[in-house]
Amino acid sequence: MKKVLAFAGSGRKHSFNFAAVKKAAEGAKSAGCEVTVVDMSEYADIPIFTEDLEAEQGIPAKAKAFKELLKSHDAFLIASPEYNSGYSALFKNVIDWASRKEEGERPLEAFKGKFAALIAASPGGLGGIRVLVPVRLLLSNIGINVLGDQLAIGNVGNLVNDKYEISDEVTVKKLNNIGKQLASML
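If you're wondering where the values come from, they're calculated on a predicted model, not measured in any experiment.

S.K.: In this structure, what is going on with the overall build of the protein chain? I would like to understand it.
M.R.: Helix and strand counts for the protein chain come out as six helices and five strands. Mapped from its N terminus to its C terminus, the protein chain presents α and β elements in the order β-α-β-α-α-β-α-β-α-β-α. In terms of C-alpha radius of gyration, the protein chain reaches 16 Å, essentially the compact-globule figure of 16 Å for 186 residues. Expressed along its principal axes, the backbone C-alpha trace of the protein chain runs to roughly 50 × 35 × 25 Å. Every one of the 186 residues in the protein chain was classed for burial, and the buried ones make up 47%. A sequence separation of at least 24 residues applies to 79% of the contacts in the protein chain between residues at least 6 apart. As displayed, the protein chain has an accessible area near 8900 Å², and 49% of this comes from carbon and sulfur atoms. Computed over 23 positive and 22 negative side-chain charges, the inter-centroid distance for the protein chain is 5 Å.

Pasting the structure below:
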């Protein structure tokens, strides 16, 4: 069974992007994939990557754990918040740490040849679409095959229920479909 790792580039409690990626994960699961959903707030305290820190202390335990998650999955469902037209520092930091080659690994082993589907959700009308370009560029540069289709969900604050779950049927169907589309690539 193919394995999909689903996460959002946000560590915020009640993240709209985390709500979105969980619905996309349901689609991948219904298409026959084993899906692991990760709450990135658990990785928010990883130190900012620097080569000096890596040389002094090695890869932090939480960064190494996230890298192992990436390595053990065939594909990724990623929802990214848009911060000033870019991705979050948390997202970039975990990618940077996971890109570090350790003894016995191939370069970029956690990423190369794998697939990813991209989602963005925002309370604004554009739905975070501007962040999808830099996320696509970053992931492509580290060897991930990014699906051509992507999903930006605008006005997402109006599409969630009081439990911060996306409850709008049309949006849930779109999110399920992107999860199924990713599964079809595996």
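S.K.: Where do I start with the sheet that holds strand S2 (residues 34-38) in this structure?
M.R.: With parallel pairing, five strands are arranged side by side in an open sheet as S2-S1-S3-S4-S5. Every other strand in the sheet has two partners, leaving S2 and strand S5 (145-153) as the edge strands with one partner each. Strand-to-strand, the axes of this sheet are offset by a mean angle of 15°, without reference to chain direction. Here strand S1 (residues 3-8) runs beside S2; their pairing, made up of five bridges, is parallel. Across the sheet, Phe 7 pairs through a bridge with Val 38, a residue of S2. Across the sheet, helix H5 (residues 129-141) lies against strand S3 (75-79), strand S4 (115-121) and S5, angled at about 165° from S5, the strand it touches most.

S.K.: Just checking my understanding: could you explain the nonpolar core for this structure?
M.R.: Proteins that are soluble and globular tend to have nonpolar side chains buried together. One finds Phe 7, Phe 66, Leu 70 and Leu 139 to be the most contacted residues of the largest nonpolar core, which totals 34 residues. Sorting the residues of this core by element identifies S1, helix H3 (61-71), S3, helix H4 (89-98), S4 and H5 as the ones contributing at least two each. No other element matches the six residues that H4 contributes to this core. Discounting chain neighbours no more than four positions away, the residues touching Leu 70 are Leu 5, Phe 7, Phe 76, Ala 98, Ala 110, Phe 111 and Lys 114. With 30 residues, the next largest nonpolar core counts Ala 8, Ala 75, Ala 79 and Ala 183 among its residues.

S.K.: What exactly am I supposed to notice about the pattern of salt bridges here?
M.R.: When the charged atoms of two side chains with opposite charge come close together, those side chains can pair. For the structure on display, the rule yields 10 salt bridges. In this structure, Arg 100 engages Glu 54 in a salt bridge whose closest nitrogen and oxygen atoms are separated by 2.9 Å. In this pair, Arg 100 sits in the loop between H4 and S4 while Glu 54 sits in helix H2 (residues 51-57), placing the two residues 46 residues apart along the sequence. Given the relative accessible area of 23%, Arg 100 is considered partly exposed. Two residues, Glu 105 and Lys 71, come together in a salt bridge whose shortest N-O distance is 2.8 Å. Taken as a pair, Glu 105 in the loop between H4 and S4 and Lys 71 in helix H3 lie far apart in primary sequence, 34 residues in all. Shared partners join several salt bridges into a network, and the residues in it are Lys 64, Lys 67, Glu 68, Lys 71, Glu 102 and Glu 105.

S.K.: Help me understand unusual backbone geometry in this model?
M.R.: Excluding glycine, residues mostly carry a negative phi; peptide bonds, for their part, are mostly trans. Here His 14, not a glycine, exhibits a phi torsion of approximately 65°, which is positive. Looking at the element boundaries, His 14 is found in the loop between S1 and helix H1 (16-30). Look at His 14 and you get partly exposed, because its relative accessible area is 37%. One non-glycine residue with positive phi stands out, namely Ser 85, at about 70°. Assignment of secondary structure puts Ser 85 in the loop between S3 and H4. A relative accessible area of 35% places Ser 85 in the partly exposed class.

Definitions and limits used
Residues numbered from 1 in each chain as written. Predicted model: local features only at pLDDT ≥ 70, side-chain atom pairs only at ≥ 80, totals over all residues. Heavy atoms only, no water. Helix = DSSP H or I, 4+ residues; strand = E, 2+ residues; numbered from the N terminus. Rg over C-alpha atoms; globule rule 2.2 N^0.38 Å. Buried < 20%, exposed > 50% of the residue type's maximum accessible area, 1.4 Å probe, protein only. Contact = heavy atoms within 4.5 Å. Areas by Shrake-Rupley, 256 points an atom, 1.4 Å probe, with all protein chains shown as cover. Lys, Arg positive; Asp, Glu negative; His and termini not counted. Charge placed at Lys NZ, Arg CZ, Asp CG, Glu CD. Pairing = 2+ DSSP bridges. Axes fitted to C-alpha atoms, helices over the stretch in contact; angles between N-to-C directions. Core = buried A, V, L, I, M, F, W, Y, C linked by side-chain atoms within 4.5 Å. Salt bridge = Lys/Arg side-chain N within 4 Å of Asp/Glu carboxyl O.

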